[in-house]
Amino acid sequence: VKQLAHAEKLLLIVVDGMSSSVAAELADGALTKGWQEAVRAGSEHRLGALAVLPTLTTHSRTSLLTGELRSGTQADEKGNFPQITGGPIFHKDDLRADMGTALAPDVRDAVIGSTTVVGVVLNTVDDTLAKHDPDGTDWTIDSVQHLGPLLEVAASVGRTVVLTSDHGHVVERG
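Numbering of residues starts from 1 in every chain and runs along the sequence as written. The predicted origin of the model limits local features to residues at a pLDDT of at least 70 and limits the giving and counting of side-chain atom pairs to 80 or more, whereas totals for whole chains, interfaces and linings rest on all residues. Excluded from the side-chain calculations are hydrogens and water; all other atoms, namely the structure's heavy atoms, are used.

Where helix α3 (residues 57–66) meets helix α4 (residues 74–85), the axes come as close as 8 Å, and the angle between the chain directions of the two elements is 20°. Between α3 and α4, the interaxial angle falls into the category roughly parallel. Contact residues: α3 offers Arg-61, Thr-62, Leu-65 and Thr-66, while α4 offers Gln-74, Asp-76, Glu-77, Asn-80, Phe-81 and Ile-84. Each residue belonging to the contact of α3 with α4 can be placed in one class, and the counts come to 3 nonpolar, 4 polar and 3 charged. Between the N-to-C directions of two axes lies an angle of 0 to 180 degrees, each axis being a line fitted to C-alpha atoms and, for a helix, fitted only over the stretch in contact. Think of it this way: any DSSP run of H or I at least four residues long counts as a helix, any run of E at least two long counts as a strand, and we number them from the N terminus. For classification purposes, angles smaller than 35 degrees are called roughly parallel, those larger than 145 roughly antiparallel, those between 65 and 115 roughly perpendicular, and all remaining angles oblique. The contact criterion used is simple: two residues touch if any of their non-hydrogen atoms lie within 4.5 Å. Polarity classes work like this: nonpolar for Ala, Val, Leu, Ile, Met, Phe, Trp, Tyr, Cys and Pro, charged for Asp, Glu, Lys and Arg, and polar for all others, with Gly in that last group.

It is at 9 Å that the axes of helix α6 (residues 105–112) and helix α8 (residues 147–156) come closest, and there the two elements cross at 35°. Here α6 runs over α8; the crossing is right-handed. Packed against α6, whose contacting residues are Val-107, Arg-108, Val-111 and Ile-112, the element α8 presents Leu-150, Val-153 and Ala-154 at the interface. A per-class count over the contact of α6 with α8 returns 6 nonpolar, no polar and 1 charged. By definition, any crossing whose near helix is turned counterclockwise from its far helix by less than a right angle is left-handed, and any crossing with a clockwise turn is right-handed.

Between buried and exposed lies partly exposed: a residue is buried under 20% and exposed over 50% of the maximum accessible area for its type, with that area taken using a 1.4 Å probe on protein chains only. With 7 of 10 residues buried, α3 lies mostly within the body of the structure. Within the span of α3, buried status applies to His-59, Ser-60, Arg-61, Thr-62, Ser-63, Leu-65 and Thr-66. Structurally, α3 contributes buried residues whose contacts are with β1 (10–15), α4, β2 (89–90) and β3 (117–122). The positive-phi residue at the C-terminal boundary of α3 is Gly-67, with phi of around 75°.

This paragraph deals with the environment of Val-1. Within the secondary structure, Val-1 is located in the segment before α1 (2–5). The class for Val-1 is partly exposed, based on a relative accessible area of 39%. Considering only alpha carbons, one finds Val-1 and Asp-106, 105 residues apart in sequence, at a separation of 22 Å. Apart from residues lying up to four places away in sequence, Val-1 is in contact with Leu-10, Leu-12, Val-117 and Val-162.

Printed below as a string of structure tokens:
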């Protein structure tokens, strides 16, 4: 993200709990909405990475958003992310919008604005998989709360989107 941010304005979307299969479904959905996928020069494939162990949000997401191996909370992420990127990070409560509005004004303004990097954490996947059968969910842009509106606003201002996860769920197969 830091390397890309030297050349472009970025929206970092962290889909908490997104596995590689969910990422593939969401990427395919983004392609049908006019987005183009980019991969690292010299590669023909998406990059994969291992999550911090143990693969719990308190370790994996905090390490991702603070740029160092550590455990923490949203408060740690909100304090460190701007120091690393120069931009804000928005979590679940920050995303709540008034009725009839797709995005909270602060989030929309940040994405539209001139800040080089804006971060957003979406919890739909992690929250859903904690309560439901992960094999029974079709993941689309519209099924991940706030993802569609974020992509629309980012597209409207030419902001590059980096879609990533802090950790993914692996379905137990016995």
